[in-house]
Amino acid sequence: MKNLIKKIINNKEYKEILIFVFILYIFRINYIKRALFQTKSRLTLSQYGLLFLTMLGATVLMGTLLFIAIKACNMFYTRKNVPEVKGKEWSFGFGELKYFLVNKKNCKICGTEMKKITSEEPKGMKRDISMDGYVSDVEMYEVKISYYCPNCNKKYSLEELTSKTE
Ligand SMILES: [Zn+2]
């Protein structure tokens with residue numbers, strides 16, 4: 001809790017908000033003066049002191065509330081507007097593509113027709129900003145294709161299969 005307060009007080013935005021709120025109060029000083037002392041005449045020194053303290057207190061209170069509200073809005077906004085998207089990446093060499101599209105998928109050892117296995121390997125997050133400024137976090141996956149021979153109980157990656165055929 002103490003650390004949090006320290007962090008807020010040292011925050012640049014917080015200081016800016018405090019200054020902003022204080023300036024707003026300075027513009028309304030006559031209104032505050034009237035509300036506080038019910039007088040339009042000149043104030044005594046102690047009354048000025050009280051006015052200053054009231055403004056300072058109000059500034060800290062309003063500024064803190066404003067700061068928390070802005071922070072909460074920011075958190076909500078960023079969480080709402082940065083959707084997590086799943087991105088897929090295919091990395092095929094020409095030989096691999098040809099094998100995937102054209103070749104018969106029979107086991108090199110026993111000739112049994114193999115089953116296609118598609119797996120996705122996570123490659124980490126990538127922030128993506130589109131042309132219209134739409135931001136999204138893309139969780140990248142590399143799609144890997146391999147083939148499984150049920151007879152030999154062996155799995156071959158596309159790379160392995162193409163390096164054997166060529
Ligand atoms: Zn086989």
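Participant: So what exactly am I meant to see when it comes to unusual backbone geometry here?
Facilitator: Most of the time, phi is negative for any residue but glycine, and the peptide bond is trans. Positioned with a positive phi, Asn 153 is a non-glycine residue whose angle comes to about 55 degrees. Within the fold, Asn 153 resides in the loop between strand E3 (135–149) and strand E4 (154–157). Of the residues examined, Asn 153 reaches a relative accessible area of 56% and is grouped as exposed.

Participant: Just to check I follow, could you spell out the coordination of the zinc ion for this structure?
Facilitator: Octahedral metal centres with six donors ideally show angles of 90 or 180 degrees, and tetrahedral centres with four donors ideally show 109.5 degrees. Surrounding the zinc ion are the protein donor atoms Cys 107 (SG), Cys 110 (SG), Cys 149 (SG) and Cys 152 (SG), at 2.1 to 2.4 Å. Because the angles between the four donor atoms bound to the zinc ion fall within 103 to 115 degrees, the donor set is best described as tetrahedral. On the primary sequence, the residues serving as donors to the zinc ion are separated as C-x2-C-x38-C-x2-C. Here Cys 110, found in the loop between helix H5 (94–101) and strand E2 (115–129), pairs with Cys 152, found in the loop between E3 and E4; they are 42 residues apart in sequence, far enough to count as distant.

Participant: Explain the nonpolar core to me, please; I cannot follow it from the model alone.
Facilitator: For soluble globular proteins, the rule of thumb is that nonpolar side chains tend to be buried together. If you look at the biggest cluster of nonpolar residues, it comprises nine residues: Tyr 99, Cys 107, Met 114, Ile 145, Tyr 147, Cys 149, Tyr 156, Leu 158 and Leu 161. At the level of secondary structure, the elements contributing two or more residues to this core comprise E3 and helix H6 (158–165). For this core, the element with the most residues is E3, which contributes three residues.

Participant: Before we go on, may I ask you to explain the side chain of Thr 162 in this structure?
Facilitator: The topology assignment puts Thr 162 in helix H6. For Thr 162, a relative accessible area of 6% corresponds to the buried category. Within polar-contact distance, the side chain of Thr 162 engages the backbone oxygen of Leu 158 at 2.9 Å. Each residue touching Thr 162, except ones within four places of it in the same chain, is listed here: Gly 95, Glu 96 and Tyr 99.

Participant: Is there a simple way to explain the packing of aromatic side chains in this structure?
Facilitator: How two aromatic rings sit relative to each other is given by the distance of their centres and the angle of their planes. Evaluation of the coordinates by the stated rule reveals four aromatic pairs. Consider the rings of Tyr 14 and Phe 67, whose centres lie 5.2 Å apart with planes at 70 degrees: the pair is edge-to-face. Of this pair, Tyr 14 sits in helix H2 (residues 12–27) while Phe 67 sits in helix H4 (residues 45–81), and the two are 53 residues apart along the sequence. Like Phe 67, Tyr 14 is buried. Arranged with centres 5.5 Å apart and planes meeting at 40 degrees, the rings of Phe 92 and Phe 100 form a pair that is tilted. Here Phe 92 falls in the partly exposed class, since its relative accessible area comes to 27%.

Participant: Hey, could you run me through the environment of Arg 42 in this one?
Facilitator: Its location among the elements puts Arg 42 in the loop between helix H3 (29–37) and H4. Through-space distance from the C-alpha of Arg 42 to that of Met 114 is 96 Å; in sequence the pair is 72 residues apart.

Participant: Is there a simple way to think about the pairing of E4 in this case?
Facilitator: Where a strand is regular, its side chains alternate between the two sheet faces. Where E3 meets E4, four bridges bridge the pair, whose relative direction is antiparallel. Each residue of the ladder has a partner; that of Tyr 148, found in E4, is Lys 155. Here E3 folds back onto E4 in antiparallel fashion, the turn holding four residues, of which Asn 153 has a positive phi close to 55 degrees.

Participant: Would you take a moment to explain the environment of Ile 5 for this structure?
Facilitator: Looking at the element boundaries, Ile 5 is found in helix H1 (residues 2–9). Take Ile 5: its relative accessible area is 42%, and that puts it in the partly exposed class. A sequence separation of 46 residues divides Ile 5 from Leu 51, and the C-alpha atoms of the two residues are 26 Å apart.

Cut-offs applied
Residues numbered from 1 in each chain as written. Predicted model: local features only at pLDDT ≥ 70, side-chain atom pairs only at ≥ 80, totals over all residues. Heavy atoms only, no water. Helix = DSSP H or I, 4+ residues; strand = E, 2+ residues; numbered from the N terminus. Buried < 20%, exposed > 50% of the residue type's maximum accessible area, 1.4 Å probe, protein only. Donors = N, O, S within 2.8 Å, 3.2 Å for Na, K, Ca; no water. Tetrahedral: all angles 85-135°; square planar, octahedral: opposite > 155°, others 65-115°. Core = buried A, V, L, I, M, F, W, Y, C linked by side-chain atoms within 4.5 Å. Polar contact = N/O pair within 3.5 Å; in protein donor to acceptor, adjacent residues only side chain to side chain. Contact = heavy atoms within 4.5 Å. Phe/Tyr/Trp six-rings, centres within 6.5 Å; stacked < 30°, edge-to-face > 60°. Pairing = 2+ DSSP bridges.

Geometry only, nothing functional implied.
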